[in-house]
Structures are given as structure tokens and as C-alpha cells.
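The residues making up each chain are set out below.
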Amino acid sequence: METKKTIWQPKFIVRAVYDSFIKLNPLNMYRNPVMFAVEIGSILTALITVYNIIQGHPFGFNLQISLWLWFTVLFANFAEALAEGKGKAQAESLKQARSDIIAQKLLPNGDIESIPALALRKGDIALASDNHIIPSDGEIIEGVALVDESAITGESAPVVREFGGDKTGVTGGTKVLSGNIKIKITVNPGETFLDQMVGMIESAKRQKTPNEKALEILLVGLTVLFFVVVVTLNFYAGYVNVKISIPILVALLVCLMPTTIGGLLPAIGIAGMDRLMSRNVIALSGRAVEAAGDVNIVLLDKTGTITLGNRIATEFIPAPGVEEKQLARAAMLSSLADETPEGRSVVILAKEKLRMRGRDITAPEGSKFISFSAETRMSGVDINDRQIRKGATDAIKDFVKPYNKQFPKEVGYAVDRVGGEGGTPLVVCENGNVLGVVRLKDVLKHGIRERLSQLKNIGITSVMITGDNPTTAAAIAAEAGVSDFIAQARPETKLERIRKFQSEGYMVAMIGDGTNDAPALAQADVAVAMNAGTQAAREAANMVDLDSTPTKLLDIVEIGKQILITRGALTTFSVANDVAKYFAIIPALFAVQYPILNTLNVMRLSSPQSAILSAVIFNAIIIPFLIPLSLKGVQCKQDSPMSLLIRNLFIYGLGGLILPFIGIKLIDMIIH
Amino acid sequence: MYNSALLQVVLFIIILIILALPLGEYMAKVFTGQQVWLSFLIRPVEKFLYRIFGVDETKETDWKSYTFSLIVFNAVGIVVLFILQLIQHILPLNPQGLSSVRWDTALNTAVSFVANTNWQAYGGESTMSYLTQMLGMTAQNFVSSAVGIAVAVTFIRGFVRKSVKEIGNFWVDLTRSIIYLLLPLSIVFSLFLVSQGVIQNFNPYTKAQTIQGQEQVIAQGPVASQEAIKILGTNGGGFFNANSSHPYENPKPITDYFEILGFLVISAALPFTFGAMLNNRKQGWAIFISMLTLYLIGLSVALWSEYHGNPILGLDNMEGKEVRFGILNSVVFGHSTTSTSCGAVNAMHDSFMPLTAMILMFNMMIGEVVFGGVGVGLVGMLIYAILTMFLIGLMIGRTPEIFGKKLEPFEMIMAVLVLILPSIIQLVFGALASSTTLGLSSLNNAGPHGLSEILYAFASGAGNNGSAFAGLNANTPFYNLTLAVAMLVGRFATIIPSLTIAGSLAQKKSTPEISRFPTSGPLFIISIVAVVVVVGALTFFPVLVIGPILEHLEIFTYGN
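Trainee: With reference to specific residues and values, describe the overall build of chain B.
Mentor: Regarding its fold elements, chain B presents 18 helices and 4 strands. Burial status across chain B gives 66% buried among its 560 residues. With an accessible surface of roughly 18,900 Å², chain B has 67% of that area assigned to carbon and sulfur atoms. Taken together, the 26 basic and 28 acidic charged side chains of chain B have centroids lying 14 Å from each other.

Given below as C-alpha cells:
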């Protein structure tokens, strides 16, 4: 997959350099007010330099200031362009591919019309068969198909999409390998999954998140404040008979303005989305990603999320006087025609116990299979006069009654024990003789315990939702290590619970895949849908997990936090930097007139001009130095908030205070 | 000398805490409508007042109506006080026959007292009649403080309340501030002052023979009653021009001591009120300790600077100080009066050493949050707390929140306005004054000291402090009007956005206690102190460099 590769490739860098000039367009720059202000300053100083040249005045110093101010803007643009690079390249190729697609639209009268895919509207019906590209997002209303979704997921293994059940959703841009399907289009042009994906990574279309807006308000506020500080300083300087030229005032302003964070702010958000995508999560809302860091509670479906979808047989518990092998054989015979996953698992377990291989098993002559029904609640086989049955305890009790045989109390105990341990007991009997119990058990997904305990470590309570009875639920909950569970849940229970948690002030995440999850997903603060899920679930969610691994939340939380931390750290850094810049520039402005103010020149910078230039240069080149950090994000794994804060305050607060003193001094030594 | 100073300061802080802690708890009870030990006496009065003014005390309003009531109340206050000054010559209680006050002075004064600033462009004894002093000044001394306290408790309610629009009833808060808090305290305090020799009479000014045989006019008046609320309400507008350095206002070291405690006590108690109302007393302590830390940092620098004196003279810097107070009491008074927004003075701030003066200016420039003005000081500090928690929230990877309330763009807009508008207004007017003849012609001193005089005046105005640096003739239309604007901005650009924040926060849900980042520990205190200092320093460093710092360097470089 493209996005898994590094961004530091020549093709991305060249493109980003080019884009950083294109982005100088004021119509683009105004989206980033801080850098827009720097651009205005750059233009102003450039004009003054030109004026100096025309007038024949010395212009070298002003030219240098102007150039470095332009570099400041360009560096910021470069950061943004680089962050966009990968996603944009991917999105463009997808868009390109899709714009050529011709859709087979099914008209109400049954005719088929070939139209461009982009002309499909919500509610239209389209057909797709072998080697067709699916024209738009929709729901299969007829048929089954093998679909290659690698264009979006990067996963080369094809997946089955079919009518009925939870796997009806298809995504525009993916390819049908085989099969014929009828698709009901569920979105209008411009609102497709792909469009949303592009919208999250292209800065021009990107919606700023509330956190980002709030931070930008602070940055703009500081910019306005510093603007007033610098403009009024001109008058105060006049009072003490010092004249400051406009380029120097602009240089001071740009140094004070939070340009470091201002310049890197868009890149941080875009790069975050990009990192999320490289972990195969498509975020449809930046807000939800950032809210993931606040999540207190996550609701998980038991089936398919915590446990494998189906129960499997794990043990034969024979009745007194019955050999385990006898029980296993009977259970196997009764399940040979049982195509349910439970039935197949009984056969597999029996073969293991009997040390048989697959081909040795054939149903004996004259077998008559009885399939499971809701009325009888048992299934089995009649072989001549042998009547073998397996099923729920009550059903078997009823079945053995006519034979006037005792239902052994040991079997009754086994049934209770299995149930109490979270399993499902199946009782097997032959002609009224109860042979024993088969334990069917929910099997946890691989690694789920570890992932759930990691969630606990970062302070997220996991709540399992299941339709099982409380005893079963409790057993599984304990085994998986979830913090809490809700048993005998109806579909609407999820929604009710989320509302209740939210009204108590909790931030709730929900992970789901089924259509009946959709309302709960829509209500949750952070809603992750499985890519394999239904279209309804995917639409209601604000994130789609392409791998369909339910504990993706961990990655989402981490990236969401990283985005915020990186912004906070660089803001602190940016503001802390100002102290050193003041100590470079203020003495430079006034020490000519008042030599005693050289006391404040603590860095012992060589001349007023080199002091100002050094500050401006430091301010500009710190941006490219911090690009890798803003693209990668500040690391935050497994840390408590307190230690995280101490570390960040130390590195970015104290470090931000000290580093520019060293940096400016070094630059001064070099340029002098 | 240092040891005794240290001991006195420590003792002073302990007494302050002993007084502020129960007062804070008392206020929390008063403003949540609980029974207090004075209720048996005051509750009937309170009910009676509501009945005659037609206030339904059970009916609370949203932030818009609350703010509207507050603005109307203050606008009426300004107009009444303005007119009162213009027509005082035809009103009674004017034994000296003082004439109508000039319009620009009257306007400035009206704004000044309503905005709890009490900047005085005039000399009280030579300008204002007894009636104007009592009906105008003293009345506003009470209500402007009460308004500040009302804003503070409303702001606190914004944090406490969940998912409601109502943030309080302005008239109830105002009434309770006055009758449960300010009046009882003032009565006790004025009695104390009278017992120590502060005057309280309606006599015409006394004529006396001096030892040299010349005649001296000694102004009289109902001083003690005004003095008490001037101090307690962090008003600071003196009855006399010489303010608390006048023996009739502040006769002895003991009155001086209690005046300092007086203007600190309500502001220092409010963090505890906050803790009590939030039901998180540790949080109240954290805010208090943050303020105290800032207070002690400033005080150390000021004392250091003042005890070092002027190397050219080689003497203690006693110029401009009352001998009965000396260096320590003058510096503690000056530092306290500028860090609360009181503005009473017992020494000439103009004559402090440059770095001492810089600390006093800085206290006002950061927006009067080191205890600060009654009510608004706490609000200002909480605004800094919002800013701090915004950064902390980001740095721990959470949507920023404060005391369980999420901080969103709306709150940030308002908080940033509170933060930058008062700074902007003082920088702009200061620049105007230091670059035009209108401003410069009022200066007594040239050079950096003159600049300090201008900076101090606008810092005092925008910080709603009201103390004067002296050396600047501010009673000109230019200064009267610019300072009036600065005072209005300083006051209402804090109050209005704060009330909108309260309204917005009250409507939000509160995040569960367990999921919150602890905001009462040393890390929070260090962060908020750093934010206050850094934001203030970044805004005012350049002007301070060419004002007091340059003056300091000149004295010390050329003095040695």
C-alpha cells in the first residue's frame, strides 16, 4: 500500500517544493491567518527593498530580512504541502480512475443505460459484474460478488459482499472480481466515501476541527496583540529619540508572532489523518479523531468483536458409564449433516478425540438426518433403529421421556457447570440413553485480552454488549478482561446506554458493524465501523476500520492524542521562543542610542544588524527543523497524563526557552 | 533588616489567610443562599429590599439578561454621578462652596468610580462637596465592588452548573454582596479607623496657625466611612488628594497594616469561595497559592530594589515616603495596592526605585489578577487558568477542559478578548500620549521616567487600579477622556466576555471527576504562574525596557 511508504521520497519533496510556491496565493494563504500576516510583512519588506534599490539607498540588510521572511512563509507552505503529498497522490489516482468509470444504470422500465459514474445519484440502481469497477457507494440488493478493495484498503485479499446479512456495503472505486450484483446507490456525487477521504487530507477542503479552531483563535489573538506591541513600540521609541525602520519592525513582529506553530498547524492535522490512514483507518471526521483522546468508555459487541463469531465445541463430558469415545462418535454422527459452524466444530472435535482423518468419515448407509428446528430445538440422525439426538437440555429430557429412562443427575450437574462457566451445553442421547454433554464455547479472538488491558491502561473502560444471559456474559467478560458487560441486550439497548453514559458526561466510543448498530454509532462521540459492515453502519460512523479489527480504537486514540499533543507542544515552544528573540532584538534597537542597554544583550551578539537577522533566520529555519516532528507527531505511548505533561513542559517549555538563545548565538557567529 | 522584613511579611500572610479562609466560606454560603450567622439580622432586610424593588429572588436569568442588567445598572451609575458633580454647587452639604466640576473631569470621575477604578484626576478636598463624596463616591464604592463580586460568583456558577441556561440573578447577587458582606465589614472597619484617629465629621475646613506663624487650612469631612469601603472594596479613591498617606485617612502603622489587609482580604477570600462553591477546596487553595506566589515574587523584587536604594545618594530611599511607615510598609502597601486593584497609596509611587515602580506597573499590566480587584481579580485569574488549561489539555492529548468543562472556540474567543483588549488599549493610548503634545505637555519629567509616568497612568486605568504615579498632570481633557475609555475597556472587556463564558460553560455537561486532569497540584500552579508572567512580559517587555529598566540601568551604571 502506497501510504505505508515514507514521505521522504524525491517525488513527494519536489512536488511539495512546487506546491509551496503555488500556496503563496493570498486566496489560499488567508486560511492560515498567522502565515498570511507573515506574507503581508514579506510583501511590505520586499517593496521597501525595491524602493531602496530604485532610490539608490543601501538595501542589503532589508533585502536579507525580506528574503528570510519569504523563506518563513515558504517553509510553512512546504510543511503543509509535504503532509498533503501522499494522501493527495493517492486520492488523485483514485479520482482519476473513477472519473473514467461507466456505470450500468438500471432504469425503472428494466432497460440498462450506460452513464458516467459521477452522474449516479442517491437511490439509483446500478449493475456490476465481473471486472467492473463499482461506480459509487451503495448497498447490494441482489446477488453476491467477490470484490477487490485494494484500491482503498490496500489489502490484496478479495472479500465477499452479498445481499442479506451484515456484508452488503460496497464502496465506489473497488473492483468486482467475479459475480453479478445489483447495487442501490446510497450517496450523491461528491459525498462518497472516496470524496470524504480526499476531503480529510487535502487542506483546501479540510474542515478545521474545534480544537484546531480554538488554538487558531489563541494564535490570532497573540498575533493581534504583538502587532499592537510592535506598532506602538515605534511611537514609544520616538519618545526616547530612537527611529526604527519598517523592515525591522516587521522583522520583530514576525519573530514574536507564533509562526512556528502557525506554520506547522495545518501539517500536523493532515499528517495525523495520514498516519491514521496508514493504519488502515479512514477518518470521516477530524473532530472524532481528536475526541478519541477523551474517550472514557468503549462499547464493544461480544460477537465478532471480542469472540470469534461462532461457538465451537471444546469438550465432551460423558455420562457415568459411557466412554468418551462413544459420546464423541454419537455426537459426530448427529452432526455430519449439520452445516452450522457449531455442528462442524463438533465433528472436528470428535475427529480429534477419535484420531480419525477426514476421509474415514462417511455417514452409514440408510442414515436419515433430522435438522434443527425451533420447535424441537434439537437435531440428529436416524440410522436404522438408532435414533441419535443432540440439543438443549429440556428438549432432550422431553425426548427421553417415552423411553422411561432416567436423565442421569451427573449429566444435569455437567449441564449446570458448563452454563455457569459461560459455555453452552448440548446434551447427546441415543435411543433414550443420555450419553453426555458437549461443551460449546465462545472463543476469544486472538490477542483480545492484551488489547483490552491496554485500553484499561490508558483509562478507557470497555463495556461488552451481548444478547446472552447474565451468567454466560459474566463468564466471557471475566475471561476477556472487559471492565463491564451488558447482558440480554436488545438492539436499542446500545443506543440507550450511550445516551445514559453521555448524559453523565462520559465520552463514548462505539465499535460496530451491523445495521442495528447504526443508531448507536450515530449517537456515539467516536464511532468506528468495520469496513466489512453494512453501508448503514459505515454511514453512521465517523471512522471506518478497513481491517475490521475491533481494537483499532487503540491506534485511533493514540493518533488523536498525538495530534493534540504536537499542537500543544509546538505552541508552548513557539511562545517560549519569544523570550530569546526579545533579548536579541530589543537591545539591538536601542543600544545605539543608549549603550547601557547592551547589558540586556545577554547573548553578546556582534552587531545590531546581525542580532536582528539572526533572530529572523532562527525563526525561519526552526520550521523545517520541526517538520519531521510535526509529521510524525510527539510520541505519547502508554504514558500517564501527568508524566506526559511534565515531559512536554520540560522539553517544549523549558527547551523552547533555552534553545533559541543557543540557536541565535550560533547563527550570529556564522553570519558575522 | 531583611530578617525582620521577612518575618513581618510571613506573619502578614498568615494573618491574611486566617481572615480570608472563613470569609471565603462565608461568601460561598451567602451566594448559594444558605443560612449564615448574620442571617437573623440581615435576611429580613434583604426580603424587604426585594419587596420594594420588585425583585423575585427565586428567578434567575441567562447570561444575556444578567449582562444587560449589569450594563444598565452601571450606565445609570455613570450618568447619575456625572450629573451630581456638574450640579453640586446648587446642592446641600457643601460647606466650602465648591463649584461645579469641569465636564471632562466629571466624566472621567464618573467612569472611574463606576468601574471600581477610582482614578482621581482631581484633589478630593478641593473639588468634591461632602454630598458628592457621600452620595456619589461612597455609593459607587459600594456598588462597584458589589458588581465585581457578583461577576465573580456568577463566573464560578458557570463552572459549577450543568446543562442549564440560568447563571444567576444580578439584583440578588448585588444586594447580597452589599448587605451581607460590604456593609457589615465597612461598619466594623470604619469604627476601627475612627478609634485609631481617622476623622468622621461634616465640619467646615479648619484654619490653623503653624509654628512659623502661617495660616493653614485643614480639610475635614466624613472620612472614616468612605475610607473603610475605599479599602475593602479595592476602590482606592481617597477622600483627600494625599490618599492613605494623609494622617486623617491613615494615621498610624496599625491602621496602615489593617488597610493593607483590608484591601487584600475579600480578593484573597474569593478563591476560597470558589473552592467551596465548586465543592473542591483544594482547587480554591491552588488558585490562592498561584496568586500568592505571584504576589511574593513581585514583593521580593520590589523590596530588594527599594532596600538597595539609590547608589548615587547612598541612603535609604525615603523620598516620597511617610516616616511613620518607612520602607517596608510603603513597599508592601504599594505592591498590595497595585496587585489588588485598590489604588490607595501611602507613598509617592513616583519616588520608588525604578524596578520597584516596574513591579507595581507590571501588577496592573497583567490585569490585576494577583488577588486583584474584588471579584474581577478572581475572574481574571480564572481566565488565565482557562488559557493554562487549554495548553495543558493539548499537551496531554485531550480536548482542553477546565474543572470538567470543555473549552471550545467560543470560550477561547472570549478568554483571548479578556486577555488582549486591556493590554491593547493601554499600549495604544500610551503611544498616543508619548508622541503627541497633548500627552507630553502634562509631563513633569523627561526621559525614561516621564515614559514611566505615562505607562503607569494607562496601566492604572486599564487595570482599574486608580493609583497614580504622580508627576503627570492628568486633569486635562486628553487624559481624562483617554483614561475614561481605558477604564471602561479594562472593566467591561473583562466583565462581559467573562459572563458570556459563564453562560456558555453553565450550559455544558461536566466531565466525570475521575477522568479529569488534576488541577490543584504544584504543576498547575507553576504553569499558571508561568503563563501570567510570560504573557505579561511578552506584551510589555519593550516598553518596560525603555522606561523603568533604562532608568534603573542609568542610575546604577552612572551611579557606581
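Trainee: I'd like a description of the side chain of N250 of chain B, backed by residues and values.
Mentor: Residues and elements named next belong to chain B. With respect to the helices, strands and loops of the structure, N250 is situated in the loop between helix 8 (223-232) and helix 9 (253-277). Only 2.8 Å separates the side chain of N250 from the side chain of D256, close enough to count as a polar contact. Discounting residues that sit within four places of it in the chain, N250 has contacts with S244, T255, D256, E259, R324, F325, F333 and N346.

Trainee: Now, about the packing of helix 7 (residues 210-239) of chain A against helix 14 (residues 409-433) of chain B: what can you tell me, with residues and values included?
Mentor: Look at helix 7 of chain A against helix 14 of chain B: their axes get within 9 Å of each other, and the N-to-C directions meet at 0°. Between helix 7 of chain A and helix 14 of chain B, the interaxial angle falls into the category roughly parallel. A breakdown of the residues in the contact of helix 7 of chain A with helix 14 of chain B according to their chemical character gives 19 nonpolar, 5 polar and 1 charged.

Trainee: Any details on the environment of N188 of chain A? Residues and values, ideally.
Mentor: All names here are of chain A. Relative to the helices and strands, N188 resides in the loop between strand 7 (175-185) and helix 6 (193-201). Judged by relative accessible area, which is 18%, N188 ranks as buried. Linking N188 and S136, residues 52 residues apart in sequence, is a C-alpha distance of 8.7 Å. In this structure, N188 is in contact with R121 and K122, ignoring residues within four places of it in sequence. Within the local environment of N188, its side chain forms a polar contact with the side chain of R121, the two groups lying 3.4 Å apart. Of note is the side chain of N188, whose polar atom sits 2.9 Å from the backbone nitrogen of K122.

Trainee: Let's hear about the interface of chain A and chain B: which residues, and what values?
Mentor: Taken together, the contacts link 58 residues of chain A with 60 residues of chain B. Summed over both partners, the interface of chain A with chain B comes to about 4,900 Å²; 79% of that surface belongs to carbon and sulfur atoms. Among the residues chain A hides against chain B, the three largest losses belong to Y236, Y239 and I596 of chain A. Together they make up 17% of the total. The tally of links from chain A across to chain B stands at 1 salt bridge. A salt bridge links R287 of chain A to E408 of chain B; the shortest N-O distance between them is 3.8 Å. Here chain A is connected to chain B by 9 residue pairs in polar contact (both at pLDDT 80 or more).

Trainee: Quick rundown of the pattern of salt bridges? Include the residues and the values.
Mentor: Side chains that differ in charge, positive against negative, can pair when their charged atoms come close. Taken as a whole, this structure holds 39 salt bridges over all chains when the rule is applied. Overlapping salt bridges bring together R279, R451, D555 and E558 of chain A as one network.

Trainee: Outline the sheet that holds strand 20 (residues 543-545) of chain A, supporting the account with residue identities and numerical values.
Mentor: Strands pair in a sheet through their backbones, by hydrogen bonds, and they do so in one of two ways: parallel or antiparallel. All names here are of chain A. Strand order across the open sheet formed by 7 strands is 8-20-19-18-9-16-17, with mixed pairing between neighbours. What marks the edges here is a single partner per strand, and that holds for strand 8 (281-283) and strand 17 (484-486). Here the strands of the sheet are splayed against their neighbours by 20° on average, with no regard to which way each runs. Relative to strand 16 (residues 461-465), strand 9 (residues 297-301) runs parallel, the two being bridged by 5 bridges. Note that in strand 16 the partner of V298 across the bridge is S462.

Trainee: Mind laying out the nonpolar core, listing which residues take part and the relevant values?
Mentor: The biggest cluster of nonpolar side chains holds 322 residues, and the ones touching the most others in it are L589, F590 and I612 of chain A together with I266, Y295 and F371 of chain B. Looking at this core, the element that brings in the most residues is helix 20 (residues 553-590) of chain A, giving 20 residues. Looking at which domains feed residues into this core, each of domain 1 (23-279) and domain 2 (375-559) of chain B gives three or more. Those residues in contact with L589 of chain A, other than ones at most four positions away along the chain, are L233, V242, I244, I248, L252 and I612 of chain A. Residues V322, M332, L349 and F399 of chain A belong to the second largest nonpolar core, which totals 39 residues.

Trainee: Can you break down the domain arrangement of chain B residue by residue, with the values?
Mentor: Residues and elements named next belong to chain B. Per the domain assignment, the segments making up chain B are domain 1 (23-279) and domain 2 (375-559). Contacts between the two partners involve 45 residues from domain 1 and, on the opposite side, 45 residues from domain 2. Between domain 1 and domain 2 the total buried area reaches about 3,600 Å² when both faces are included, carbon and sulfur atoms providing 73% of it. It is W119, F155 and F159 that lose the most area in domain 1 upon contact with domain 2, and together they represent 22% of the buried surface on that side. Viewed at the interface, domain 2 and domain 1 are joined by 0 salt bridges. Put simply, domain 1 and domain 2 have 13 residue pairs in polar contact (both at pLDDT 80 or more) between them.

Trainee: Describe a nonpolar patch on the surface, naming the residues involved and giving the relevant values.
Mentor: All names here are of chain A. A cluster of nonpolar side chains, F650, I651, L654, L657, I658, I662, L666 and M669, forms an exposed patch at the surface whose accessible area comes to about 750 Å². Note on placement: I658 falls in helix 22 (residues 641-671). The exposure class of I658 is partly exposed, given its relative accessible area of 44%.

Trainee: Now, about the pairing of strand 4 (residues 138-148) of chain A: what can you tell me, with residues and values included?
Mentor: Residues and elements named next belong to chain A. Looking at chain direction, strand 4 and strand 6 (residues 169-170) are connected through 2 bridges and run antiparallel. By the bridge assignment, G138 is partnered in strand 6 with V170. When strand 4 meets strand 7, the two strands line up antiparallel, connected through 10 bridges. Its bridge partner lying in strand 7, E142 is registered against K182. Inspection of the sheet shows strand 4 paired to strand 5 (residues 159-162) by 4 bridges, in the antiparallel sense.

Trainee: Hey, could you go over the side chain of K508 of chain B for me, with residue numbers and the actual values?
Mentor: All names here are of chain B. Note that K508 resides in the loop between helix 17 (477-506) and helix 18 (522-559). The buried category is assigned to K508, whose relative accessible area is 13%. With sequence-adjacent residues up to four places away left out, K508 is seen in contact with R161, K162, S163, K405, K406, E408 and E411.

Rules used in this analysis
- Residues numbered from 1 in each chain as written.
- Chains lettered and ligands numbered in written order.
- Predicted model: local features only at pLDDT ≥ 70, side-chain atom pairs only at ≥ 80, totals over all residues.
- Heavy atoms only, no water.
- Helix = DSSP H or I, 4+ residues; strand = E, 2+ residues; numbered from the N terminus.
- Buried < 20%, exposed > 50% of the residue type's maximum accessible area, 1.4 Å probe, protein only.
- Areas by Shrake-Rupley, 256 points an atom, 1.4 Å probe, with all protein chains shown as cover.
- Lys, Arg positive; Asp, Glu negative; His and termini not counted.
- Charge placed at Lys NZ, Arg CZ, Asp CG, Glu CD.
- Polar contact = N/O pair within 3.5 Å; in protein donor to acceptor, adjacent residues only side chain to side chain.
- Contact = heavy atoms within 4.5 Å.
- Axes fitted to C-alpha atoms, helices over the stretch in contact; angles between N-to-C directions.
- Parallel < 35°, antiparallel > 145°, perpendicular 65-115°, else oblique.
- Nonpolar A, V, L, I, M, F, W, Y, C, P; charged D, E, K, R; others polar.
- Buried area = accessible area lost by both parts, 1.4 Å probe.
- Salt bridge = Lys/Arg side-chain N within 4 Å of Asp/Glu carboxyl O.
- Pairing = 2+ DSSP bridges.
- Core = buried A, V, L, I, M, F, W, Y, C linked by side-chain atoms within 4.5 Å.
- Domains from an automatic or database assignment.
- Patch = residues over 30% accessible without salt bridge, like charges linked within 9 Å, V, L, I, M, F, W, Y side chains within 5 Å.

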